[in-house]
Amino acid sequence: MSAIEIRVLTGPHRNHCLLLTAPAIYTVGRREDCAICFTGDCNDLLISRQHCQLEFDPPRIVLRDLASRNGTYLNGRRILSGSEVALEDGDLVTVGNTSFRIGVVDGSELHAPVADSGRDCLQTC
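Residues numbered from 1 in each chain as written. Predicted model: local features only at pLDDT ≥ 70, side-chain atom pairs only at ≥ 80, totals over all residues. Heavy atoms only, no water.

Before going further, it helps to spend a moment on the pattern of salt bridges. Across all of its chains, the model carries six salt bridges by this definition. A salt bridge links Arg60 to Glu84; the shortest N-O distance between them is 3.5 Å. Residue Arg60 is found in strand 6 (residues 60–65), and its partner Glu84 is found in strand 9 (residues 84–86); the two are separated by 24 residues along the sequence. Counted as one network, the salt bridges with shared partners bring together Glu55, Arg60, Arg64 and Glu84. (Salt bridge = Lys/Arg side-chain N within 4 Å of Asp/Glu carboxyl O. Helix = DSSP H or I, 4+ residues; strand = E, 2+ residues; numbered from the N terminus.)

Encoded structure:
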């Protein structure tokens, strides 16, 4: 079984990571009800409350911008609002001042906090 590792490289949540193992659509943003919630003491205010979505349906991973004010970037290129872009292992996603690397890992290698389709905040790796 494959999983997605989200490893934050820049921004207030740098050096945090999360594993997504369940097939689902994960909303990314600052709102507390987002599945992947970039909030806490150090907020990146350039991230919209509901910024983008990651759809995980193994082995497929899709990124979708949710009409965010500051855009969603894949490997440095802005994606169109509402469009779907397939992600691959090693891709870099940027929302606001926060960039995170997408990693596809074998489910037997689980070492980070595991998210389900509910709300999860990023944890230190």
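Moving on: the environment of Gly82. Position of Gly82 among the secondary structure elements: in the loop between strand 8 (77–78) and strand 9. Separated by 17 residues in sequence, Gly82 and Asp65 place their C-alpha atoms 5.5 Å apart. Not counting residues up to four positions away in its chain, the partners in contact with Gly82 are Arg64 and Asp65. (Contact = heavy atoms within 4.5 Å.)

Time to look at unusual backbone geometry. Across the chain, the bulk of peptide bonds are trans and the bulk of non-glycine residues have phi less than zero. With an omega of 5°, the peptide bond between Pro58 and Pro59 qualifies as cis. Tracing the sequence through the fold places Pro59 in the loop between strand 5 (52–57) and strand 6. In this structure, Asn15 is a non-glycine residue whose phi angle is positive, near 70°. For Asn15, the position within the fold is in the loop between strand 1 (2–10) and strand 2 (16–20).

What follows concerns the state of the cysteines. Taken as a whole and assessed by the stated rule, the structure comprises zero disulfides. The thiol of Cys52 is not disulfide-bonded; the next cysteine sulfur, from Cys34, is found 9.1 Å away. The exposure class of Cys52 is buried, given its relative accessible area of 0%. (Disulfide = S-S within 2.5 Å. Buried < 20%, exposed > 50% of the residue type's maximum accessible area, 1.4 Å probe, protein only.)

Chain-level pLDDT for the chain is 86 on average; 84% of the residues reach the 70-or-more range. Every residue in residues 113–120 scores below 50 in pLDDT, and together they form 29 contacts with partners more than four places removed in sequence or on other chains. (pLDDT = per-residue confidence, 0-100.)

Once that is clear, we can look at the pairing of strand 6. For strand 6, the tally of buried residues reaches five of six residues, placing the bulk of the element in the interior. Two strands pair when backbone bridges link them, and strand 5 and strand 6 are joined in this way by six bridges, in the antiparallel orientation. Its bridge partner lying in strand 6, Glu55 is registered against Val62. In textbook terms, the turn of a hairpin is the stretch between consecutive antiparallel strands, and for strand 5 and strand 6 this stretch comprises two residues. Bridge count for strand 6 against strand 9 is three bridges, and the pairing is antiparallel. Paired with Leu63 across the bridge in strand 9 is Val85. (Pairing = 2+ DSSP bridges.)

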